[in-house]
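Tertiary structure, described
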2 protein chains.
Amino acid sequence: MSTMKPIFDAYHQRQAALEATYSTNPYAKGIAYISNEIVPLHSAYIPLLDQGFLKGDLTYDVASAWNGRFFRLDDHLSRLERSCQKMRYRIPISQEEMKRITISMLAKSGIKDAYICYMVTRGLERISNTPLGKKAEELSNTLYIWISPYVWVMSPAAQMDGSGSSVITRTVRRTPPGAFDPTVKNLQWGDFTRGLMEAADRGAIYPFLTDGDGNLTEGAGYNVCVVKDGVLFTPDRGVLEGVTRKSVLEVARKVGMEVRVEVVPVELVDRADEIFMCTTAGGVMPITSLDGQEIGSGKVGEWTAKIWDGYWAAHEHPDLSEDINYAADSGRLKL
Amino acid sequence: MSTMKPIFDAYHQRQAALEATYSTNPYAKGIAYISNEIVPLHSAYIPLLDQGFLKGDLTYDVASAWNGRFFRLDDHLSRLERSCQKMRYRIPISQEEMKRITISMLAKSGIKDAYICYMVTRGLERISNTPLGKKAEELSNTLYIWISPYVWVMSPAAQMDGSGSSVITRTVRRTPPGAFDPTVKNLQWGDFTRGLMEAADRGAIYPFLTDGDGNLTEGAGYNVCVVKDGVLFTPDRGVLEGVTRKSVLEVARKVGMEVRVEVVPVELVDRADEIFMCTTAGGVMPITSLDGQEIGSGKVGEWTAKIWDGYWAAHEHPDLSEDINYAADSGRLKL
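Residues numbered from 1 in each chain as written. Chains lettered and ligands numbered in written order. Predicted model: local features only at pLDDT ≥ 70, side-chain atom pairs only at ≥ 80, totals over all residues. Heavy atoms only, no water.

- As recorded by an unreviewed UniProt entry, chain A carries the name Branched-chain-amino-acid aminotransferase and is attributed to Cercospora kikuchii.
- Turning to chain A, the UniProt record has this under Cofactor (unreviewed entry): "pyridoxal 5'-phosphate".
- According to the UniProt record, the Sequence similarities (unreviewed entry) comment for chain A is "Belongs to the class-IV pyridoxal-phosphate-dependent aminotransferase family." (UniProt positions renumbered as here; feature names shortened; annotations may be inferred.)

Following this line, the structure appears as structure tokens:
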């Protein structure tokens, strides 16, 4: 984790520069694309009757920009497309157009380190199989895009001091794939919300949910990785196929770890040498206690540190990231 | 079902009278209460950043008015309160105030047969257990109320001609209570949405989901009741504790049926004499085919018909319903 301080220092400088524009640029705190219009995020409204709200009938994906560069944007847009296919949504515009709009929004907002959320909802009409109703695939779907300054599921300060605490929940299990396929990124967070409440009740920050049969799944918006004897384990099912997880696995192999994507029994988590979480909104996030007990030394582990460095280094790699043109013409959108 | 025709005839007359006001009263097609303002339903917007949208972090309840009378409103408001307690939401106003606003909205809209939806969301900030974040119970929650003309999960025409078809889903199971407690009325409808798609693929209208262990649970917004040898069966767990179901059980006992609220194996559903669904948005809805096979005679069953009559008769009963004052003063709201 030798690169952590310089990376966070540079980020904090960029963030301070962004904040200096908050009073003059109404889009700098966040920006949204709704019905082909661009609005400040905190003034963005959606129809009450949107089925994404009224039935949770939506999918989404979260990409990021870091230091003015997209990181694996195509991976996120491809996954969104797969989620849509599984739930029979059609994104109303092309990926190319989505990317063009995203660039315009980043340019307009000046946000260099960004949380970029794409949401596709069923639209304004509900699914009905009755003779006068419309079936899922007959409805017009809605795309929302919104961008905010980068979101940290674990703050830089907590990553630095290694204060991430966790519990394996026992009041709630993860929704099983047979009820809802977790590879379709979704906002049916009831199980995660219960998990967050249990973690708080037990004096911890981050919940990890099981599959109800004694195996680890994932947490409230993040995959979980466990290191034991130099091997990295992460669950193969009952979880989102994380883009950050993909980066983590690539880095782990590069630094010489064996990687196993398979069933991860809770017992293995209890005996872990190191644990970390990963997600686009925060990156690689070290966990140093589980159920009130220290993990390993109780400090950020050495493998976790190596993966942290490799993950953030990848953000500058030309195969995985691309420069954003902040001078892009955003003329076609109503601004 | 001797009362079906007169009840629907009277309803259609009231609905025609309402529709005659659509061009002059902007609230007659629906009305919403958001941030202490009243707006036409189709112009109602909620903040994009509402956690009810961004995390499905909400509960709700649906009550009804029928022929200008509330039906079991207190049962619905009490259940909403219980849902809120389980998920640590606090409704920002009292039940009395909610009722007062509802009456104002009905008065303003002139809707005599109404679908009345109360939604309580976590609000604009997300749950975070981090030192600078706010825990679930520390956040300010939001109440939305919206009303539309009565919604029919099964149309009057289909109830009359007994054309309700169903399937037991096999591509999807109901989310188990250990992942999310279904007695907390929620909009995490991913499993129901998949069920609706499977039903359509299989040429049917209504999906019934199982618990994944061969037992019936519920469908996309309705409880399911099965009649066998004059006994009424409905599942005791893994389902919403329906207010309409409660009415149905009361009527069933009154007409001399034995009622069993217990585990209902799918095998029993396959051998049913009669099946019907029940929900506030549609009442008692006869199902005459299951998985492509006729149920019993393939016509609306005699017990179902008796319960239908008793259910709608209860809407005039002074212990269960109350007259709405359509001349109520709605002065305190911004209209």
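1. Remarks on the interface of chain A and chain B
- Contact with chain A, which involves 58 residues of that partner, is made by 58 residues of chain B.
- When the two sides are added together, the surface that chain A and chain B hide from each other amounts to roughly 4,700 Å², 68% of it contributed by carbon and sulfur.
- Three residues, Leu48, Phe53 and Asn129 of chain A, lead the burial of chain A against chain B; their summed loss comes to 15% of the area buried on that side.
- For the interface between chain A and chain B, the tally reads two salt bridges.
- A salt bridge links Arg88 of chain A to Asp201 of chain B; its shortest N-O distance comes to 2.7 Å.
- At the junction of chain A with chain B, the criterion picks out 17 residue pairs in polar contact (both at pLDDT 80 or more).
- For the side of chain A that touches chain B, the elements supplying multiple residues, two or more each, are β3 (45-47), α2 (51-54), α3 (73-87), β6 (114-121), β7 (142-149) and α6 (190-201) of chain A.
- A total of nine residues in the side of chain A that touches chain B trace back to one element, the largest contributor, which is α6 of chain A.
- Pairing analysis gives three bridges linking β3 of chain A to strand β3 (residues 45-47) of chain B, with the strands arranged antiparallel. Among the inter-strand pairings, Pro47 of chain A is bridged to a residue of β3 of chain B, identified as Tyr45 of chain B. (Contact = heavy atoms within 4.5 Å. Buried area = accessible area lost by both parts, 1.4 Å probe. Salt bridge = Lys/Arg side-chain N within 4 Å of Asp/Glu carboxyl O. Polar contact = N/O pair within 3.5 Å; in protein donor to acceptor, adjacent residues only side chain to side chain. Helix = DSSP H or I, 4+ residues; strand = E, 2+ residues; numbered from the N terminus. Pairing = 2+ DSSP bridges.)

2. Comments concerning the pairing of strand β4 (residues 58-66) of chain A
Residue and element names in this part refer to chain A.
- Counting buried positions over the nine residues of β4 gives nine, a clear majority of the element.
- The side-chain alternation of β4 yields two buried faces, one formed by Leu58, Tyr60, Val62, Ser64 and Trp66 and the other by Thr59, Asp61, Ala63 and Ala65.
- Bridging between β4 and β6 involves eight bridges; their strand directions are antiparallel. Looking at the pairing, Val62 lines up with Cys117 of β6.
- Judged from the two bridges that link them, β4 and strand β5 (residues 69-71) form a sheet pairing that is antiparallel. Across the sheet, the residue bridging to Ala65 is Phe70, located in β5.
- The hairpin formed by β4 and β5 contains two residues between the paired strands, and Asn67 there has a positive phi angle of roughly 55°. (Buried < 20%, exposed > 50% of the residue type's maximum accessible area, 1.4 Å probe, protein only.)

3. Quick notes on the confidence of the model for chain A
- On average, residues of chain A carry a pLDDT of 96, and 98% of them reach 70 or more.
- Taken together, the chains of this predicted complex give a pTM of 0.97 and an interface ipTM of 0.96. (pLDDT = per-residue confidence, 0-100.)

4. As for the sheet that holds strand β1 (residues 31-34) of chain A
All names here are of chain A.
- The strand order across the open sheet formed by seven strands is β2-β1-β7-β6-β4-β5-β18, and the pairing between neighbours is antiparallel. Two strands lie at the open edges of the sheet, namely β2 (37-40) and β18 (321-323), each paired on one side alone. Across this sheet, the average inter-strand angle for adjacent strands is 25°, counted without regard to direction.
- Taken together, the eight bridges between β6 and β7 define a ladder with antiparallel strand orientation. What sits directly across from Val120, in β7, is Leu143.
- On the sheet, α3 packs against β4, β5 and β6 and is oriented at approximately 180° with respect to β4. (Axes fitted to C-alpha atoms, helices over the stretch in contact; angles between N-to-C directions.)

5. Observations concerning the environment of Arg260 of chain B
Residues and elements named next belong to chain B.
- Mapping Arg260 onto the fold places it in strand β13 (residues 258-261).
- Take Arg260: its relative accessible area is 31%, and that puts it in the partly exposed class.
- Remark: the alpha-carbon pair of Arg260 and Leu249, spanning 11 residues in sequence, is separated by 9.1 Å.
- Leaving out residues up to four positions away in the same chain, Arg260 has contacts with Val231, Leu232, Phe233 and Thr234.
- In terms of polar contacts, Arg260 uses its side chain to reach the side chain of Glu258, at 3.0 Å.

6. Examining the sheet that holds strand β12 (residues 231-234) of chain A
Residue and element names in this part refer to chain A.
- Spatially, β13-β12-β11-β14-β15 is the arrangement adopted by the five strands of the open sheet, whose pairing is mixed. The open sheet has two edge strands with one neighbour each: β13 (258-261) and β15 (283-287). Averaged over all pairs of adjacent strands, the angle between their axes in this sheet comes to 25°, without regard to strand direction.
- Two elements, strand β11 (residues 223-228) and strand β14 (residues 274-279), share five bridges in a ladder whose sense is antiparallel. From the neighbouring strand, Cys225 faces β14, where its bridge partner is Phe276.

7. Thoughts on the nonpolar core
- Formed by 170 residues in total, the largest nonpolar core has its most connected members in Phe208 of chain A together with Phe208 of chain B.
- Listed in part, the 26 residues of the second largest apolar core include Trp66, Val227, Met257 and Cys278 of chain A. (Core = buried A, V, L, I, M, F, W, Y, C linked by side-chain atoms within 4.5 Å.)

8. Quick look at the packing of aromatic side chains
- This structure, assessed with the given rule, holds 36 aromatic pairs over all chains.
- Of the aromatic side chains, those joined through ring pairs into one cluster are Phe8, Tyr11, Trp66, Phe71, Tyr150, Trp152, Trp308, Tyr311 and Trp312 of chain A.
- Above the plane of the ring of Trp189 of chain A lies Lys55 of chain B, whose end atom (NZ or CZ) is 4.7 Å from the centre. (Phe/Tyr/Trp six-rings, centres within 6.5 Å; stacked < 30°, edge-to-face > 60°. Lys NZ or Arg CZ within 6 Å of the ring centre and 35° of its normal.)

9. Focus on the environment of Ser35 of chain B
Residue and element names in this part refer to chain B.
- Tracing the chain through its elements places Ser35 in the loop between β1 (31-34) and β2 (37-40).
- Judged by its relative accessible area of 59%, Ser35 falls in the exposed class.
- As a C-alpha pair, Ser35 and Ile46 span 11 residues in sequence and 9.4 Å in three-dimensional space.

10. Section: the pattern of salt bridges
- Considering all chains together, one arrives at 41 salt bridges over all chains under this definition.
- Its salt-bridge partner being Lys99 of chain B, residue Glu322 of chain B comes within 2.8 Å of it at the nearest N-O pair. Of this pair, Glu322 of chain B sits in strand β18 (residues 321-323) while Lys99 of chain B sits in helix α4 (residues 95-109); the two residues are 223 residues apart in sequence, bridging distant segments of the chain.
- Between Arg260 of chain B and Glu262 of chain B there is a salt bridge, with the nearest N and O atoms lying 3.8 Å from each other.
- Each of Arg72, Asp75, Lys246 and Glu250 of chain A takes part in a single network of salt bridges with overlapping partners.

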